[in-house]
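# A closer look at the structure
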Amino acid sequence: EPSHLARWFGPRGFTYPVCEIDPQVGGKFRIVIRSADGADYAMFGVFREIVPMARIVKEDDMSEHSEEWKDMVDPGRKGQADRQIRAVTTVSFADEADGTRVTVHTAFPSPAMRDNFVKTGMVEGWSSTLDRLEDLTAALKGSDRTITFSRVFAASPELVFACFHDPVHISNWW
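As a starting point, this report considers the structure included with it. (Residues numbered from 1 in each chain as written. Predicted model: local features only at pLDDT ≥ 70, side-chain atom pairs only at ≥ 80, totals over all residues. Heavy atoms only, no water.)

With that settled, consider the overall build of the protein. Across its full length, the protein carries six helices and six strands. The linear arrangement of helices and strands in the protein, starting from the amino end, is α-β-β-β-β-α-β-β-α-α-α-α. If one aligns the C-alpha atoms of the protein with their principal axes, the spans along those axes are about 55 × 40 × 25 Å. Out of the 174 residues belonging to the protein, those deemed buried represent 28%. (Helix = DSSP H or I, 4+ residues; strand = E, 2+ residues; numbered from the N terminus. Buried < 20%, exposed > 50% of the residue type's maximum accessible area, 1.4 Å probe, protein only.)

In structure tokens form, the structure reads like this:
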């Protein structure tokens, strides 16, 4: 669901300006996450397999990332034509006593490329992303009659209340 995905996918501090997905076998997706410093990281690809409540397999292409980023994960491309940077990601869901185990497995074209992805912060990024997913699922389950969201804003209570209360402010964010 794009509206849910945009609320948790990507590390903390990232926003989600583009979320176009067609979640079916053969369906395409294009996702752009934006870092706090304004750098965009675009990923597109196709869904290879979708087994409800069990597994999603997708082919990811990161060819739209910056040249600097591409040089980090594929240093052998220097001086050559731009090469596609692809990976296959399988997300598995398993029922466990206390909830659901989510396992993210990404296969790369080579061990060197895998190692270079690790150097870019992929492990930390996925850890933060799954933390955000955990926050969202906790908020959505709440109780059988409520949904609770919480966030700390770097602003005074008076300013935050005014943003909720004043129609001029509401029209800018609601």
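We are not done yet, so read on.
Along an α-helix, residues three or four apart share an orientation, since each turn contains 3.6 residues. Of all the positions in helix α3 (residues 111-119), only M113, N116 and F117 are classed as buried. The arc enclosing the buried residues of α3, seen along the axis, measures out at 105°, which places them on a common side. Seen from the open side of α3, the exposed residues pointing more than 90 degrees away from its buried face are P111 and K119. Tucked inside the fold, the buried residues of α3 contact α2 (67-73) and α4 (122-141). (Arc of directions from axis to C-beta. Contact = heavy atoms within 4.5 Å.)

Attention shifts here to the environment of S128. Of note, S128 is situated in helix α4. Each C-alpha atom, one on S128 and one on R12, is 6.0 Å from the other, the two residues being 116 residues apart in sequence. The contacts of S128, once residues within four sequence positions are left out, are P11 and R12. In this structure the side chain of S128 is engaged in a polar contact, spanning 2.8 Å, whose partner is the backbone nitrogen of R12. (Polar contact = N/O pair within 3.5 Å; in protein donor to acceptor, adjacent residues only side chain to side chain.)

Below, the discussion takes up the nonpolar core. In summary, soluble globular proteins display a tendency toward joint burial of nonpolar side chains. Counting 21 residues, the largest nonpolar core has L5, F9, I31, M62, I85 and F117 as its most contacted members. Among the elements of the structure, α1 (2-8), β1 (15-21), β2 (28-34), β3 (40-51), α2, α3 and α4 are those that each provide at least two residues to this core. Once residues lying within four places of it in the same chain are set aside, the contact partners of M62 are A42, M43, W69, I85, A87 and F117. (Core = buried A, V, L, I, M, F, W, Y, C linked by side-chain atoms within 4.5 Å.)

Scope: geometric values only; no functional claims are made or implied.
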